[in-house]
Amino acid sequence: MDDTGSLEISWIQGFTGKSIAFVDNETVCYPCGSHICFLNLGTKAQSVLKSPGRGVGAFTANGNNGIFAFSEQKLCPSLFVYVFRGLHLKNELKGGAQLDYTSLTLSDSGPYLGCCSSLPEHTITVWNWENAVQVCKTPNAGQEIVLLLFNPFNWLQLCALSTAGLTVWNIEKSGSFHELRPSVINLPASDGSFVETWTPIFNTYFGPEMPPSAIAGLQGDKAESIVTKLCTKARLTPAAICWTPKSELYVGCTEGFLLLVDPEILSVSVLFNPTTADVNPELRQISFQGLTLNKNGLTAIMKESVVHSLQFKESQINITQTWQIEGPVTTVMYSPDYETLLLSSNTGQIYKLNSTSDEIVKVLDVLSGNFVAVTVSHTESNICVSVRESGELQLWSSDGLCLGSLPLQTEVTSLACCPVAQYAAVGTSSGYVLFIDLNKEQQPRLVHQVHLYHCPVDHLVFDKEGNYLFIGALDSNIYVLDPRPSKGFSVIGYTVVSGGVLSLSTQNIRRYEQVKVLALCNGQEGRHHNANLLTVLSLPTLDLSGPDCADKSGCLSSNILKVSRYEVPYPLESCVLGVNELFAYCHKRKTLQRFRLPQDTESLSSQDVVQLKPEQEVKGHPLGPASVALSPHTSWLASVGRDGLLRIRETASMEQYIELQCHSCRLDGVRSVSFSADSQTLFTVGFKDGSLLCTNLRDKGLNSEKLREATQYSKSMRYLLKDTFSEENDVLIEMPHWAEKPQGIEVTPEAESVDVTEQDESYDSLLSATPSHLTWLESRREAIIKEENEQYSETKKNMRKTIKELRETIQEMIRDNETLPDIERLELHEFNLDVEEQRRLEAMVQQEVIKVREEIEWEMLAKCYLRDVIKKECWDSMMIKGKAIKAFYSDHEVKNYPLKERTQREIEDLRRVQDIRKFEKAACTRNIKKSSNTPGVKEEEQGEEGHGVKSAAVSGSFSALLGYSNPNVYDQFSLHTTEERINQIILLQDVIYRIKTGFNNDFEAVHKQKVQELSRLRERNRQIKEIMLELDMKETLWEPSLTISEWPERLLTVDDSEIKAEKFLTPEQKKEEERKKLEEQRRLAAKADNLRERALDDMMDGALEVKKENILKMEIPPPEFVLNKPSIHWTEEERKVYKEYEKKAQDLTEEKEKYRKSMAIEIKTLQVATKEATERFDETVKQLFEKKKNCEKAVYQEELKITYLAYSVLIEEEMRNWEQELKFKLEKTVAYKDEIDEQLKKHEEEVELFHENYNTIVAEDKVLDKEFRKEFFNVSGSMVDQLYKLFKRRPRVQKIRTQTDSNSNPLREQRLCGSLAPDALGKMLKAMEDLDAPENMPEGLNRSIWEKFCLVRRAKVESEQKIKLSALTLAEMKAFLQKRRDENKAADQKIKHLSDELERLHKQKNHFLMNIMVQVLLKSEQVEVSVTDVTADYTDSVLYPKSVVEDLNKTIRTLGGQKLASMVECKDFRKGIIQLQWEHRRMMMQIEDLNNKKRDIQKLKLTKEQQDYLDNADQDKRVSNQISRLEKTIAYQEKTHLQSVQHRKKKIEQLKRQAANKARNTEIVEQLPEMQVAVAERRQIYEKIDSEESDAAAAEERYQETVRRSRLKDLAKAQEEDLTFLWAEVERLRRKNFPLLNN
């Protein structure tokens, strides 16, 4: 097909709001997919530039020079630089990045482009885009750089904005060499405060303070950055930047702060702090999102839709103007001429604001978001309809203008336009199909909706003639709708296919009046994968509204729906139906395939599957999956894929194709493609680029027959459907706006509790209702059920009544059955009429029980596992379990030390350390024996013995006093190495272990004692209970027992009494319980038949031994006659017997009383024994508590020593880390200095060489000046002088350019750089053409001489410009060299600083190792330090022996006695002295009072009037004199006033004359610039000619000035001396005339 046409881009729409910029004063450009769009703000005309590479990545533009640049999206991407005028590709820049670019920027002051690459190199590169040369670059410039911005006044400054901070890169140049140097800006903290850096502090109490990197053990280049992030406060997050005319930076932060940054001195000042109290309320809750300069201040985006114009006055920020925008604003910028303010939104709007008005004009409104689908309406206007993921439906004209939009406020998935009416069908993700009326293009409206699925509607397809609308989804149902508005968009029915629908297409067969539908099914509902099952449905074009077309539920009848099933060998992604053929894309083989459908399918059933093989297979897209679309006239096949390519082929021969790169493959390529009605326009939408592209199929002129066929087919279809379209469209226009919302059916709580026997016909509907909205099919089925319920309601009512009577009868029988005897009683299950239903319910309940039981068992298993883990970790691992002992009568409780068994590693470490200590002691003993003959050894041994005696006092703990010390422990004063300290820690841990083990042994002994005491106490209580039982006493006894803390094992066992719930038994356990009961019954029965035991019980109460009879139970029976006869009838013998009975009874009573007393005494004895035993035990517990307290002290003391030792080891490790870090920095700095030395040497040579060249150029220029007269030797002298003046004359290019600049741009003044000098030379030579014109030739000069003169002058001008350029370059090179020298000096200083710090660290480390911290135990009376805090500070304390303090106290007492004696002696002597002193003091005070009175009288001051009043006796004369003086004064003032008035009048007349003169001199003022130019030229000529004379005159003038200044100094000095003398004389006269009354 490549011989018949080509694809051309017509228009593109889509705006994300991320990148937009001016390319001239009226045009903005922005990327859209793989294209660059240009929008004229005045005319709103749009144009498109297709990217020459793969997509569009980073983008930038510069409106001052009309340049824009962008990157492509691929590996090793290129940068394309275009000139806007003519869209000419200026250059392609390669080699700046490996993966992608993150930001681009163009310079205003030169052909320079700055770019930043992404992973992995993060390189900032500066290009000269005119020459495609890299000026300079630096790798690892920083991550997450989102914005690069050149300084508009100086291209040598480049600001990089990242999410983490701000960096200004300075481009330093020396000749042709350029280098990027960073200046990191330290922003304030998030609260506006400035973060202070860490400074080392030495000689603290616990050792030197180390930096965080040393504490963390980090080393290397990233150590400081990591520690800075972790240890410093969060800093402000910069969001927007803007350069100022002073080359400073405005920085707006997301926290609402506005900063001013000076890159030269790296200073940051806070211009606006939103957290201050006096801030403007409008500016409190803000976040700066964009900044740009205006004429009076700053324009800023502070809120989502609010733009403020700010003005700075001193330290205040004032809002001068505010604009409210409809949507959120993301970008604000001014045009290059600062006449237009541009605002853009990420929702797809662009606004502009002219400087002449305050009205905001919306220039573009295309919304934003990714497109889902696009289609074309079947009208002559070819309106394009598109939908976005957010639910925005938009209408586009044929030239790309947005006609209207409708927000559907739901997520949409598919779209189709009806051929018989002007509406669109939209499928949503919630399963709805929406019908949108498109007759009013500016205001589309929703006229109908239907709910078909509970999943997204993926496919909407109309047949070409508008007979049906087919709808498919990942559900297995395909719905058929009547698309005519006159039918109300009714659902005709549905059919079920095998699995979800992945593709759906139609084809009309007019010959057979059929519509065929092709569905690609995946064989499994809900899957999104490819499939190989094809289903072809055939429907007649007749009216299908009859009852025979579908059943009651809506399923289409097989009489009208013919189904054919096919299967292909490979899974397909997409397919489309043609005439007796189909086209498909196979992603597995990456091919396009054509299949021929069999013609004879009448003999096949709907269940038969026909195997299809591809008739033709051609190569597909390089990157899939892809989808295909067939043109309306079925001659062209379009395919689009994830590679972003659009390919069009002829269906007759698919080998050849034409293609166009429509979208970027980096953004998943093309989502869908759609043909227009005439098949000559195609629309594509991208997956993630948010763009809609319109392309036209153009004829190359070789064969236009295909295009004519497509046009003719379109016209014929339009003519065929014209009448139907008109009728249905009228109905559509009359349809009301759809406002109904589908409601779901909710199950009420009352409905949930319906009795089984009393359910009505609503029960089935309640069961069928779902929480979500019902679909059409569900509503249809519900209606069927409701209809059936209404039809059979009477029958159901009778059946329910019969069932109710039967139920009552059965319940009555059950009640009667309960009253029958057991032998006649029936089981309950025998009354069940429906045994199967009962079994089913029981099985269901049993399944639920099993499920719940499994859940409980799993939960119990998890808890048991957790219990076992906790028990293993916290109980089984303990060698000594934790327990306590409580006293009987007090609250004392003593706990033991829970201990784990020592690990093998700990035992080995302890053994190793002990062996080391043995070797050390042995070596020390041997050295002492060798040197025992020396005279000083004995003294040393005695000193060591004394030290050994004192070591107990300074050992630092009570462990030795408790007897648990380790003989191998080091002395505290001898721990100097890390190994010794670690060994000491191990030995001290062993001491702690011994202390705890020793205490635990004592604890176990006491614990056993308590157990024994409790057993004895229970035995005594048992005896007391027996005695109390004999004595018939009822008292509550004290029966203590072990608590949980004393017997913790009880926590791990559960008694049956603790379980309140009934125990659940499995059937096996129940059988086991029954078996045990039977065995117990048999055992008891066998025991009952034992004759020997029965006889023993009968005779001796079951015991073989004879018990002593209880005396308290003994009773003497009275004689029988006492009971039978009265006392008067007793005989003598009976009376005698009765007396004996009374005596025996009295004796027995006395015996009982004695027995009771003895039992009471025994009870008291037992109670006293119990009390004494428990009190003794409490005393033992108290002693154990005291021992525990001492052990705790010892343990804490040892742990404190371990803590000190561990801290010292840690500090030493930190010192070692810091030392390595300093060495690393020192090595790095030395290497850096070596590199700078090499660069310095190289650049010094270059500067020296260039300076020589510069001197040569200057000398050559002077030669041209001197040789001028020689060049014109044959010309008269006067003419040569005139030519020489013209030779020195130069055009004023700079002044003219400055006057022609516009004053509206606040950035109009630019700094002169060396790179601009060639441009200045060109302008100078262009301006010289006016001076070379023949009109400027002097009169009488030959033309050839004038031409020669012009050539000589041009050579001179070029030489001067070359000198200027060389001078600028030399200055830059010297400045660069000076910076390198400064850096060299800074490196030297840093090396010196690091060396000094390293040496200081070594000294501090040695001091720390030698200055050991020891632990000393002191009694309270031995401490004489004021304790103000909880812990005393012993930093400035001194430790003395006790003898020194005692000797000092004795001396103090002796001296004190002597002092008291002297004080008594002095006391008597001072009594007399005190009296004399009192008298003397009284007299001195009197003298002082008299002197004060005298001084007051002498120093009394009098005014001049008072003096005159006292001197003159005639007061009237004095008054008259004063009056005469006042009259003279008044006369003088009147005279002066008249003179002043005359002077003012003269001055007014003079000003009037001056004003008249100025009015007359207007013409002279207009001629003044030309006269000034002439004067300046003459002055320049004279200064050049008379340079030597002027130098001599200047020297003479300076000499005369020096002499004059010397004379003036001498004169001033003399006048100063005279003035001093006069002031002294005035002072003397004043003192002389001052009145004194002491004379």
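Residues numbered from 1 in each chain as written. Predicted model: local features only at pLDDT ≥ 70, side-chain atom pairs only at ≥ 80, totals over all residues. Heavy atoms only, no water.

J.: Report on the pairing of strand S43 (residues 514-521), specifying residues and quantitative values.
T.: In terms of residue burial, S43 counts as a mostly covered element, since six of its eight residues are buried. As paired strands, strand S42 (residues 501-509) and S43 are joined by eight bridges and run antiparallel to one another. In the strand pairing of S43, serine 505 is matched with leucine 518. A loop of four residues connects S42 with S43, the two strands running antiparallel in sequence, and glutamate 513 in this loop sits at a positive phi of about 50°. (Buried < 20%, exposed > 50% of the residue type's maximum accessible area, 1.4 Å probe, protein only. Helix = DSSP H or I, 4+ residues; strand = E, 2+ residues; numbered from the N terminus. Pairing = 2+ DSSP bridges.)

J.: Tell me about the nonpolar core, residues and numbers included.
T.: Residues Tyr30, Ile350 and Leu692 are the most contacted members of the largest nonpolar core, which totals 44 residues. The element contributing the most residues to this core is strand S57 (residues 692-699), with four residues. Every residue in contact with leucine 692, bar those within four places of it in the chain, is listed here: Trp11, Ile12, Gln13, Phe371, Val374, Cys384, Ser386, Trp396, Phe683, Thr684 and Val685. Residues Ala887, Tyr964, Ile986 and Ile995 belong to the second largest nonpolar core, which totals 30 residues. (Core = buried A, V, L, I, M, F, W, Y, C linked by side-chain atoms within 4.5 Å. Contact = heavy atoms within 4.5 Å.)

J.: Requested: an account of the confidence of the model for the chain, with residues and values cited.
T.: Considering every residue of the chain, the mean pLDDT works out to 82; 88% of them sit at 70 or more. Confidence drops under pLDDT 50 across residues 936-952; counting only partners more than four residues distant or on other chains, this segment forms seven contacts. A low-confidence stretch, residues 1294-1303 (pLDDT under 50), is modelled with three contacts involving residues beyond four sequence positions or located in other chains. (pLDDT = per-residue confidence, 0-100.)

J.: Break down the sheet that holds strand S18 (residues 238-243) for me, citing the residues and quoting the values.
T.: In spatial order, the strands read S18-S19-S20-S21; together these four strands make up an open sheet with antiparallel pairing. Here the strands that pair on one side only, and so sit at the sheet edges, are S18 and strand S21 (267-272). Neighbour-to-neighbour, the strand axes of the sheet open up by a mean angle of 25°, direction not taken into account. Bridge analysis of S18 against strand S19 (residues 249-253) gives five bridges, and the strand direction is antiparallel. Counterpart to alanine 240 in the pairing with S19 is glycine 252. (Axes fitted to C-alpha atoms, helices over the stretch in contact; angles between N-to-C directions.)

J.: Quick rundown of the side chain of serine 118? Include the residues and the values.
T.: Mapped onto the fold, serine 118 is located in the loop between strand S11 (112-117) and strand S12 (124-128). Accessibility expressed as a relative area gives 15% for serine 118, which makes it buried. Sequence-distant contacts of serine 118, defined by excluding residues within four places in its chain, comprise Leu99, Asp100 and Thr102.

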